[in-house]
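What the coordinates show
Now for the letters of each chain:
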Amino acid sequence: KFKEEIMKNSEDSIKELANRNKLLPNNNDTLTEEIILEKLNILWNFIENQIKDNSDYLRTFLEYMTGSNALPMQGYDGYTYKIKFELYYDKNNSKKAPVSHTCSNTLEIYLRTFFDDENSTKIWEKLYSYDILKEQNKGTMGVYGGGFID
């Protein structure tokens, strides 16, 4: 249900990114909705593998995105801001790390950084392994992550 909820709430961002990409002059990169969804499946495969290895991972990832490791009493409908991904494709800044905004329940993801690299799973492990997320969740609510990847 978590994956379906986030993907449903991220549809506008996916469509907007695909449409924006079509309008870029001299754009040699073809970034359709299908390709974006394919790239996001890399992330979902990583998350699903983490959940298989550690049953607490989903709660930890939820806390990273929302500031709370549990859903509201009303379930997903209880959120003022729906949990979603905001997607970007920045050719000039391809090493920008994802940023979680807990006030708006969003995870900003720069697709070029994390999905165009043949080592994308290793990059996700470096940023979103269970231990890394637990450490980041110790901070105050607000913005987690960001910066640049080595």
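What comes next concerns the included structure. (Residues numbered from 1 in each chain as written. Predicted model: local features only at pLDDT ≥ 70, side-chain atom pairs only at ≥ 80, totals over all residues. Heavy atoms only, no water.)

Some remarks on the packing of helix H4 (residues 57-66) against helix H7 (residues 130-137)
It is at 9 Å that the axes of H4 and H7 come closest, and there the two elements cross at 40 degrees. Judged by the angle between their axes, H4 and H7 are oblique. As H4 runs across H7, the sense of the crossing is left-handed. For the pair H4 and H7, the contacting residues are Tyr57, Thr60, Phe61, Glu63 and Tyr64 in the first and Tyr130, Leu133, Lys134, Gln136 and Asn137 in the second. (Axes fitted to C-alpha atoms, helices over the stretch in contact; angles between N-to-C directions. Helix = DSSP H or I, 4+ residues; strand = E, 2+ residues; numbered from the N terminus. Parallel < 35°, antiparallel > 145°, perpendicular 65-115°, else oblique. Left-handed = near helix turned anticlockwise from the far one by under 90°. Contact = heavy atoms within 4.5 Å.)

Topic: the nonpolar core
Residues Phe2, Ile36, Phe61, Met65, Phe85, Leu87 and Tyr128 are the most contacted members of the largest nonpolar core, which totals 33 residues. Of all the secondary structure elements, the ones that give two or more residues to this core are helix H1 (2-9), helix H2 (11-23), helix H3 (33-53), H4, strand S1 (84-88), strand S3 (106-110), helix H6 (120-128) and H7. For this core, the element with the most residues is H3, which contributes six residues. Excluding anything up to four places from it in sequence, tyrosine 128 contacts Phe46, Gln50, Tyr57, Phe61, Tyr64, Pro98, Leu107 and Leu133. (Core = buried A, V, L, I, M, F, W, Y, C linked by side-chain atoms within 4.5 Å. Buried < 20%, exposed > 50% of the residue type's maximum accessible area, 1.4 Å probe, protein only.)

Let's talk about the pattern of salt bridges
Within this structure, the stated rule accounts for four salt bridges. Ionic pairing is found between lysine 1 and glutamate 5, a salt bridge with its closest N-O pair at 3.9 Å. With a relative accessible area of 66%, lysine 1 lands in the exposed category. Its salt-bridge partner being glutamate 86, residue lysine 84 comes within 3.1 Å of it at the nearest N-O pair. By relative accessible area, lysine 84 is classed as partly exposed at 25%. (Salt bridge = Lys/Arg side-chain N within 4 Å of Asp/Glu carboxyl O.)

With respect to the packing of H1 against H3
Closest axis-to-axis distance for the H1/H3 pair is 12 Å, and the angle between their directions is 150 degrees. One finds that H1 runs roughly antiparallel with respect to H3. In the crossing of H1 with H3, the sense of the turn from one axis to the other is right-handed. Residues Phe2, Lys3, Ile6 and Met7 of H1 lie in contact with H3, whose contacting residues are Leu37, Leu40, Asn41, Trp44 and Glu48. Residue composition of the contact of H1 with H3, grouped by class: six nonpolar, one polar and two charged. (Nonpolar A, V, L, I, M, F, W, Y, C, P; charged D, E, K, R; others polar.)

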